[in-house]
Amino acid sequence: MLNHYEEIATHYDQDRFHILGSACELALKQLQSVVPDRRLGRVVDIGAGTGTTLSRLKQQFEVERPVALDLSPRMLDLARQAQQATGTKKPAPAGAGFR
């Protein structure tokens, strides 16, 4: 399974967004209804992939301690690169925040 995700990492978002994108948006809307002040402490994204969901969450909420976990190191590398590209905060060093 790990090899599969390592191989598809670079095109994962494009291939899966039509399936996962609407579920992510629905989850964010539901979260807004139960967290009206939009402030979150630690958020752990298990199976974070390329970090798209966590990035969207950070756009709509103040997230104190985001943590991305994924089996695929390649996916987490892409998540780190995306965090750097968007300038959302200095990305965590390897092993700290992305595991």
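It should be emphasised that the depicted structure is a prediction, and the values quoted were computed from it without experimental measurement.

Description of the overall build of the protein
Within the protein, the regular secondary structure consists of four helices and two strands. Reading the secondary structure of the protein in the N-to-C direction produces α-α-β-α-β-α. Taking all 99 residues of the protein together, the buried fraction comes to 33%. Sequence separation of 24 or more characterises 53% of the internal contacts of the protein that already satisfy a separation of 6 or more. For the protein, the accessible area works out to roughly 6400 Å², and carbon and sulfur atoms hold 55% of it.

Notes on the environment of Glu64
For Glu64, the location among the structural elements is in strand E2 (residues 62–69). Glu64 sits in the exposed class, given a relative accessible area of 59%. Separated by 21 residues in sequence, Glu64 and Val43 have C-alpha atoms that sit 7.9 Å apart. Sequence-distant contacts of Glu64, defined by excluding residues within four places in its chain, comprise Leu40 and Gly41.

Section: a nonpolar patch on the surface
Residues Met1, Leu2 and Leu71 make up a contiguous nonpolar surface patch of roughly 340 Å² in combined accessible area. We classify Leu2 as partly exposed; its relative accessible area is 35%.

So, the nonpolar core
Counting residues in each nonpolar core, the largest one holds 12 residues, listed as Cys24, Leu28, Val35, Leu40, Val43, Ala48, Leu54, Leu57, Phe61, Val63, Ala68 and Leu76. Elements represented by at least two residues in this core include exactly helix H2 (12–34), strand E1 (39–46), helix H3 (52–60) and E2. Residues within four places of Cys24 in sequence aside, it is in contact with Thr53 and Arg56. Counting five residues, the second largest nonpolar core, distinct from the first, contains Ile8, Tyr12, Met75 and Leu78.

Regarding the pattern of salt bridges
Side-chain pairing between opposite charges can occur once the charged atoms of the two side chains come close. Evaluated as defined, the whole model comprises three salt bridges. Among the salt bridges present, the one from Glu25 reaches Arg56, with a minimum N-O distance of 2.3 Å. Here the residue Glu25 occupies a position in helix H2, and Arg56 occupies one in helix H3, the gap between them amounting to 31 residues. For Arg56, a relative accessible area of 19% gives the class buried. The partner of Arg39 in a salt bridge is Glu62, and the shortest N-O contact between them spans 3.9 Å. Of this pair, Arg39 sits in strand E1 while Glu62 sits in strand E2; the two residues are 23 residues apart in sequence, bridging distant segments of the chain. What makes Arg39 exposed here is its relative accessible area of 54%.

Topic: the pairing of E2
Direction of pairing for E1 relative to E2: parallel, over a ladder of seven bridges. The partner of Val44 across the bridge, within E2, is Val67. Once the chain exits E1 it traverses H3 before rejoining the sheet at E2, and the crossover so formed is right-handed.

Conventions used here
Residues numbered from 1 in each chain as written. Predicted model: local features only at pLDDT ≥ 70, side-chain atom pairs only at ≥ 80, totals over all residues. Heavy atoms only, no water. Helix = DSSP H or I, 4+ residues; strand = E, 2+ residues; numbered from the N terminus. Buried < 20%, exposed > 50% of the residue type's maximum accessible area, 1.4 Å probe, protein only. Contact = heavy atoms within 4.5 Å. Areas by Shrake-Rupley, 256 points an atom, 1.4 Å probe, with all protein chains shown as cover. Patch = residues over 30% accessible without salt bridge, like charges linked within 9 Å, V, L, I, M, F, W, Y side chains within 5 Å. Salt bridge = Lys/Arg side-chain N within 4 Å of Asp/Glu carboxyl O. Core = buried A, V, L, I, M, F, W, Y, C linked by side-chain atoms within 4.5 Å. Pairing = 2+ DSSP bridges. Right-handed = clockwise from strand over helix to strand, strands pointing away.

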